[in-house]
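# Reading the structure
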Amino acid sequence: MKAAVYYGPRDVRVETVPMPTAGPGEVVLRVLRCSVCGTDKRIFAHGHKNVVPPTVTGHEIVGTVYEVGAGVDAAIAIGRKVMVATVVGCGKCIHCQRKQYNLCDSFTALGYDCAGGFAEYVKIPAAAVAQGKIILVPPAMALERAALVEPLSCCLSGQEYLNAQPGDRAFVFGAGPIGLMHAAILKARGCDPVIVTDVSDERFAGIPKDDPVLPIDTNSIHYNEIAVFACFASNLQHFHQALEMISRDGMWDRFVTHRL
Ligand SMILES: [Zn+2]
Ligand SMILES: [Zn+2]
């Protein structure tokens, strides 16, 4: 099969590589769409500690079931249209027991620790299958729309903490796809106004990974009762929520900006 193999920063080569096969509990998908995440861009530009070359990145995957290993749930039938949740927990720690796999200290992720979706086929590990990370997509849903579910699920995960209320004034830093998805959710929640800002054509890239310490005015936080929190990735309930939102509103199609 053909795959975009990542050899290191700014070195991705389209090559012919062996087809994956499904062992017990595993599933092989034929990839039909895989969107490019901001993290994919960062890995391409700078590398990532969990991405050991040569490997295949890409985690916003939509495809059809191509091969099913022994012991997999019958609902994951050959030919079925599916998408995949990225993060796989250890299954044992307190966070995994609460199904907060994204907070697991030893989680792995598709497209990071194991080969991802920038290829014709991708193998979903047994642990991911067992944790319900293969999600059935309504057969009528457009593939490109389904490929937006993963990033929207991450926004919904953050908005769960934020809990914006009707009438709240919302300000979103960064007008990339994630910022605009946040703005759309805030509008849907009744925030008014929703203001989106951006600082450059290249877009604000967030807090730099290699220098995460920022000076913060604690007086301003205290006297204005500002809540500061961060959120990483998403969990299964956010995927199902995102899938439901995307399936009933054609507006989301506007988030697809480029096709390769
Ligand atoms: Zn992503
Ligand atoms: Zn865990």
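Right, let's walk through the structure included here.

## Quick notes on the pairing of strand β5 (residues 81-84)
The pairing of strand β4 (residues 60-68) with β5 spans three bridges and is antiparallel. Note on β5: the bridge partner recorded for threonine 64 is lysine 81. Direction of pairing for β5 relative to strand β9 (residues 134-136): antiparallel, over a ladder of three bridges. Following the sheet pairing, valine 84 is matched in β9 by isoleucine 134.

## What about unusual backbone geometry?
Cis rather than trans, the peptide bond between proline 53 and proline 54 has omega equal to -5 degrees. With respect to the helices, strands and loops of the structure, proline 54 is situated in the loop between α1 (38-46) and β4. Along the chain, aspartate 192 connects to proline 193 via a cis peptide bond; the corresponding omega equals 0 degrees. Checked against the element boundaries, proline 193 lands in the loop between α6 (177-188) and β11 (194-197). In this structure, arginine 10 takes a positive phi of about 60 degrees despite not being glycine. When the 10 C-beta atoms within 10 Å are taken as the criterion, arginine 10 is described as exposed.

Definitions and cut-offs
- Residues numbered from 1 in each chain as written.
- Chains lettered and ligands numbered in written order.
- Predicted model: local features only at pLDDT ≥ 70, side-chain atom pairs only at ≥ 80, totals over all residues.
- Pairing = 2+ DSSP bridges.
- Helix = DSSP H or I, 4+ residues; strand = E, 2+ residues; numbered from the N terminus.
- Buried ≥ 20, exposed ≤ 12 C-beta atoms within 10 Å, placed from the backbone.

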